Amino acid sequence: MVCSLILVLVISVGIISIIPSSFAEDIPDYFNPSAPISTDKDVYSWTDKVHITVVAPSWNANRNGIDSIGTQERHFIRIYTGEHSLEPYKLTETTPSSGVFTGEITLTGFSHDVDGDGDPDTNPRTSGNGPTNGFLEVERDGGLTISFEFADGVILTTSAMISWNVGKIIFDKPEFLVGETAKIQVVDPDMNLNPETIDRIEVEVSSDSDMAGIIVNAIETDDDSGIFETVFSFTQSSVSSGNRLFAVPDDSVYAKYEDKTIPSPYAIRDSLDIQIESKLESEVMSIQRISIEDILFTDGFGIPTKPMVNETSQIVNRISNNQNHDQSFVYLTQVKDESGSVVSLSWIQGELTSNQSLQLSQSWVPKVENNYFIETFVWKSLNDRVPLSPHSMLSYVIE
Ligand SMILES: [Ca+2]
Ligand SMILES: [Ca+2]
Ligand SMILES: [Ca+2]
Ligand SMILES: [Ca+2]
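None of the values given here were measured: they were computed from a predicted structure. (Residues numbered from 1 in each chain as written. Chains lettered and ligands numbered in written order. Predicted model: local features only at pLDDT ≥ 70, side-chain atom pairs only at ≥ 80, totals over all residues.)

Right, let's talk about the overall build of the chain for a bit. Helix and strand content of the chain: one helix and 28 strands. Over its C-alpha trace the chain gives a radius of gyration of 37 Å, far above what one expects of a compact globule, namely 21 Å for 399 residues. If you line up the chain on its principal axes, its C-alpha atoms span 125 × 45 × 40 Å. Across the 399 residues that make up the chain, the buried fraction comes to 30%. Across the chain, the fraction of contacts at a sequence separation of at least 24, relative to all contacts at a separation of at least 6, is 62%. (Helix = DSSP H or I, 4+ residues; strand = E, 2+ residues; numbered from the N terminus. Rg over C-alpha atoms; globule rule 2.2 N^0.38 Å. Buried ≥ 20, exposed ≤ 12 C-beta atoms within 10 Å, placed from the backbone. Contact = placed C-beta atoms within 7 Å.)

Of all hydrophobic cores here, the largest spans 28 residues; its most connected members are Val54, Ile69, Ile77 and Ile79. Looking at this core, the element that brings in the most residues is strand β10 (residues 143–151), giving five residues. Core analysis: the next-biggest nonpolar cluster, separate from the first, contains 25 residues, Phe176, Ile184, Leu193 and Val253 among them. (Core = buried A, V, L, I, M, F, W, Y, C linked by C-beta atoms within 7 Å.)

One open sheet accounts for five strands, arranged β2-β11-β10-β5-β6; its pairing is mixed. Two strands in the sheet have a free side with no partner beyond their single neighbour: β2 (43–44) and β6 (85–86). Two elements, β2 and strand β11 (residues 154–162), share two bridges in a ladder whose sense is parallel. Bridge assignment links Val43 to a residue of β11, and that residue is Met161. (Pairing = 2+ DSSP bridges.)

Both faces of the sheet carry side chains from a regular strand, because those side chains alternate between them. In the sheet, strand β15 (residues 200–207) pairs with strand β16 (residues 210–220) via seven bridges, with the strands oriented antiparallel. Following the sheet pairing, Ser207 is matched in β16 by Asp210. Count of turn residues in the β15/β16 antiparallel hairpin: two residues. Summarising the sheet, β16 and strand β17 (residues 227–235) pair through two bridges and their orientation is antiparallel.

What follows is about unusual backbone geometry. Put simply, Glu87 and Pro88 share a cis peptide bond, and its omega is -5°. Note the cis peptide between Gly130 and Pro131, where omega equals -5°. Relative to the helices and strands, Pro131 is located in the loop between β8 (100–109) and β9 (134–137).

What follows covers the pairing of β15. Sheet topology note: the β15/strand β19 (residues 252–259) ladder contains four bridges and is antiparallel. Bridge pairing in β19 links Glu204 to Lys256.

Looking now at the sheet that holds strand β27 (residues 370–379). Spatially, the four strands line up as an open sheet ordered β25-β24-β27-β28, and their pairing is antiparallel. Since the sheet does not close on itself, it has two edges, and those belong to β25 (342–352) and β28 (392–398), each with one partner. Taking each pair of neighbouring strands and ignoring which way they run, the sheet shows an average axis angle of 15°. Here strand β24 (residues 327–336) runs beside β25; their pairing, made up of ten bridges, is antiparallel. Within β25, the residue paired with Gln334 across the bridge is Leu345. (Axes fitted to C-alpha atoms, helices over the stretch in contact; angles between N-to-C directions.)

In this section: the environment of Lys90. Positionally, Lys90 belongs in the loop between β6 and β7 (91–93). Along the primary structure Lys90 and Ser68 are separated by 22 residues, whereas in three dimensions their C-alpha atoms are 6.6 Å apart. When residues no more than four places from it in sequence are discounted, the contact partners of Lys90 are Ser68, Gly70, Thr71, Gly103, Asn129, Gly130 and Pro131.

Bringing the environment of Pro366 into the picture now. Within the secondary structure, Pro366 is located in the loop between β26 (357–364) and β27. In the structure, Pro366 is positioned 240 residues away from Thr126 in sequence and 90 Å away in space, judged by C-alpha atoms. If near-sequence neighbours (up to four positions away) are discounted, Pro366 is found in contact with Pro307, Val309, Tyr372 and Ile398.

For the chain, mean pLDDT is 90; residues scoring 70 or higher make up 91% of the total. This stretch, residues 1–26, has a pLDDT under 50; its non-local contacts, to residues over four places away or in other chains, come to 26 contacts. (pLDDT = per-residue confidence, 0-100.)

So, about the environment of Asn317. Looking at the element boundaries, Asn317 is found in strand β23 (residues 313–321). Judged by the 23 C-beta atoms lying within 10 Å of it, Asn317 is buried. Considered as a pair, Asn317 and Asp172 are 145 residues apart in the sequence and their alpha carbons are 41 Å apart. Setting aside chain neighbours within four positions, we find Asn317 in contact with Ile292, Glu293, Ile295, Leu360, Thr376 and Ser392.

Next comes the structure, spelled out in structure tokens:
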């Protein structure tokens, strides 16, 4: 009577199927614990390693020795997808009397070219009998099921999903100084093609000044991480090569990883450019990048002069690039009268080469006697009004 009552209760809490039967060793305690099967993840990538644990104290037959489960006739462990299967598969006890049994298999995906060179990069195969030598082919969006005939007629199962992942890419800093080294990290578990060895992927790196850029190899941080890293440096004096990118201050810097393993609803043949942007900054503070001298007045021949009403004179200034790379600029000259009204405004756009000095002049014809204020400014550009030098000012009275 007691036995049949227990049986009814078990069916009502949903263990898959029970046929009354006696078991050769201990009679399993259906209530505590019910031999749960667990995996180390709920979702795996196509070439992941799967760690399996079964808690089954009633299968600890020898309390002084390591027991195993999964290969005894009528108590097989089976690991399978819709297409492929490993059976029987052995799991072994973690310690002589733990009653906890573990093993692992390596997923081997399916035939696919992940880097666009036309050749498949995986080695799909299904083989092995446990506890650690199993390989199992899987599809992109499929699942994986592990079943264990725990006691006669009591089949326990657990399932995990298989999916590809959209890769992520990051720079280690939002902006870099010219002398610094930049680090890129790509996270894409799908490119951990072999969990026993270091894998690598390619990342394209470019700048506004070199849109073709360079291709760098990012190396997996350990055998089974799915995280890839690389470093590169900047050059302002030579063309890009190796892990050195030509870029000048104020350039945006780009890194791109083309992910050819992207999940549903994308098609298996689709790819996605995963791109990130950073900025290259000069080590010299903006306002110190260009030096400016005092304002002078000259005539048309460069001879110092005094501005007079209705005579053309030149407002002359010398600017110097304090950096050993090119610097584009806009140079503005503004004249105000005593009341603060702007009577003359002009600008010159240009580029200073490494450490170059340049004399710039703007003509000015004072129309009336007044007390004038002459100012010059050096900015990055008319749109990006970041000062590259202190501004220079002169007061001049014409009477
Ligand atoms: Ca044991
Ligand atoms: Ca390939
Ligand atoms: Ca690997
Ligand atoms: Ca991917």
